[in-house]
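# Examining the three-dimensional arrangement
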Amino acid sequence: QEAANHTLLTEFVLSGLSSHPELQHLLFFTICFVYSMALIGNLLICLVTVHPTLHTPMYFFLRVLSFLDISTASVVAPKMLVNLLSEDRSISYLGCVTQLYCVVFLAATEWYLLAAMAYDRYVAVCHPLRYAAIVDTRACLSLLLLSCCSGTVVSVMQTAWVFTLSLCGPRRINYFFCDIPPLVLLSCTDTSRYERQLISATVLVIFAPFCLILLSYACIISSILRISSAQSRHRTFSTCSSHLTVVTLYCASGTLIYLQPKSSDSQDTKKILALIYTIVIPTLNPLIYSLRNKEVKEVLIRVMAVLMKK
C-alpha cells in the first residue's frame, strides 16, 4: 500500500504562509513589495559592479552573490504570490522536485561563496601587498567553480534522498514552498537515518564554512587592531562587518530549520525563518553592501545621473 501511494503521488498542495483568508491580500502586497525590492536592489548591484572602477575580486563575488539572491527569491516568491491569490495551491511532483533542488543548490552555493568572500577579505586585510597575486582572476573563477560544484553535490544528494522516502502521508505540505522539513513530515516510514544524514550535511554545508569564516575574521580583527589610524580601522572593519552580518543571518536561520527537520510543532517558526533566508536576506544584501560602501554609492550615483540625462 505504501509503495502504491508513493507511486500514485503526482502533486502536492502548499498551505502557504498563513491559513487565515483575511491575511492573504496583505501578505500578497507585502511579499510582492519585498520581492520587487530584492530584484531591483540586486539587479542594480549586478549592473554597478561591472563598472571599470569596480573590477576587483570583492565586487566580482558581490555580483555573483546578487545573482544567487535574485535566483533564490525567484525560485520561491512567484509561486507563493500566485498561491496567495488562488484557490488552487497545487504543485506538480516534478515541480516540487525542481524547486527543492534549486533552493538547496542556491543556498549551499551561497554558503560556500560567503566563505570565499571571507577568504578574499582575509587576504586583502592581512596580506595587502600580495593581494593582487593571490586573489587573481583564476583564483576567483576557481573559488566560484568550487562553490557551484559543492552546491550541486549537496543538492543532488539531498533531493535524491528526500524523494526516495515513501511519501505516503497527506499530499498537503504545511509550507509555502517545497523544502526538506515539511517533505520529511509526509514520510510514512522511519526517517531517523535520513535525519542523522541531514544533520551531518547541515554541519558540512553550514558549520564548516562558518568555521572558516570565523577563522578568517579572527585573523582580520587581529590585523585591524594593529592599524595605527583610527579612520583606517573603521573603514576596514565597516567593510568586513557587512559580510559578517549576512553570514550571521544565514547561519542562524539555516541552522534552526535543518537541525530538527521533523519537529512539526515548530513549522510556523520554520516558515518565518525560511522566509528570511529566501526573500528577506536577498532584499537586505544590496542595502548592507551598497549603503555602507562608498565606492558602490559613488558609481551608483554616476550611473543614475547618466540615466536621468538620457
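Residues numbered from 1 in each chain as written. Predicted model: local features only at pLDDT ≥ 70, side-chain atom pairs only at ≥ 80, totals over all residues. Heavy atoms only, no water.

As a reminder, the rule being used: UniProt positions are given in the numbering used here, feature names are shortened, and annotations may be inferred rather than shown by experiment.
If you look the chain up in an unreviewed UniProt entry, it shows as Olfactory receptor from Promerops cafer. The chain has a UniProt comment under Sequence similarities (unreviewed entry) that states "Belongs to the G-protein coupled receptor 1 family." What UniProt states about the chain under its Subcellular location (unreviewed entry) heading is, verbatim, "Cell membrane".

### Topic: the packing of helix H4 (residues 93-126) against helix H8 (residues 192-225)
Between two packed helices, both the angle of their axes relative to each other and the distance between the axes serve to describe the pair. The criterion, for reference: Axis lines are fitted to C-alpha atoms, over the contacting stretch for helices. Their N-to-C directions set the angle, which ranges from 0 to 180 degrees. Under the scheme used here, helices are H or I runs from DSSP no shorter than 4 residues and strands are E runs no shorter than 2 residues, and both carry numbers assigned from the N terminus. By the definition adopted for this analysis, an angle is roughly parallel if under 35 degrees, roughly antiparallel if over 145, roughly perpendicular if from 65 to 115, and oblique otherwise. In this scheme the crossing of two helices becomes right-handed for a clockwise turn of the near helix relative to the far one and left-handed for an anticlockwise turn of less than a right angle. Residues count as neighbours in contact if any of their non-hydrogen atoms are within 4.5 Å of one another. Just so you know the grouping, Ala, Val, Leu, Ile, Met, Phe, Trp, Tyr, Cys and Pro go in nonpolar, Asp, Glu, Lys and Arg go in charged, and all remaining residues, Gly too, go in polar.
At their nearest, the axes of H4 and H8 sit 9 Å apart, and the two run at 15° to each other. Relative to H8, the element H4 is oriented roughly parallel. For the crossing formed where H4 meets H8, the hand is left-handed. Only Leu204, Val205, Ile206, Pro209, Phe210, Ile213, Ser216, Tyr217, Cys219, Ile220, Ser223 and Ile224 of H8 make contact with H4, whose side of the interface consists of Ala108, Trp111, Tyr112, Leu114, Ala115, Ala118, Tyr119, Arg121, Tyr122, Val125 and Cys126. Considered class by class, the residues forming the contact of H4 with H8 number 20 nonpolar, two polar and one charged.

### Some remarks on the packing of helix H3 (residues 57-85) against H4
The N-to-C vectors of H3 and H4 enclose an angle of 160°; their axes lie 10 Å apart at closest approach. Between H3 and H4, the interaxial angle falls into the category roughly antiparallel. In this structure, the crossing between H3 and H4 has a hand that is left-handed. In terms of residue class, the contact of H3 with H4 is built from 16 nonpolar, four polar and five charged.

### Remarks on the sheet that holds strand E2 (residues 90-92)
Heads up, the rule is: Paired strands, as defined in this entry, are two strands with at least two bridges between them according to DSSP.
Sheet architecture is open: three strands sit in the order E2-E1-E3, paired in mixed fashion. Edge strands, defined here as strands with exactly one partner in the open sheet, are E2 and strand E3 (172-173). As paired elements, strand E1 (residues 11-14) and E3 share two bridges and run parallel to each other. The residue bridging Leu14 from the neighbouring strand is Ile173, located in E3. Contacts from H4 reach E1, E2 and E3, with the element oriented near 85° to E2.

### Considerations on the packing of aromatic side chains
Which entries qualify depends on this criterion: Ring pairs are drawn from Phe, Tyr and Trp, using the six-membered ring of Trp, whenever the two centres fall within 6.5 Å, and their geometry is named by plane angle: stacked under 30 degrees, edge-to-face over 60, tilted for the rest. Three exposure classes are used, based on accessible area relative to the maximum for each residue type with a 1.4 Å probe and protein chains only: buried under 20%, partly exposed in between, and exposed over 50%.
Counted according to the given criterion, the structure contains eleven aromatic pairs. Measuring from centroid to centroid gives 5.9 Å for Phe12 and Tyr93, while their planes differ by 20°, and the two rings are stacked. Here the residue Phe12 occupies a position in strand E1, and Tyr93 occupies one in helix H4, the gap between them amounting to 81 residues. Residue Phe12 is classed as buried on the basis of its relative accessible area of 0%.

### What about the state of the cysteines?
Spelled out, the test is: Whenever a pair of cysteine sulfur atoms sits within 2.5 Å, that pair is classed as a disulfide.
Considering all chains together, one arrives at one disulfide under this definition. The side chain of Cys96 participates in a disulfide bridge whose partner is Cys178; the two sulfur atoms lie 2.0 Å from each other. Between Cys96 and Cys178, the S-S torsion sits near -120°, and that sign places the bridge as left-handed. Of the two residues, Cys96 sits in helix H4 while Cys178 sits in the loop between E3 and helix H7 (180-184), which places them 82 residues apart along the sequence. With respect to burial, Cys96 and Cys178 carry one shared label: buried.

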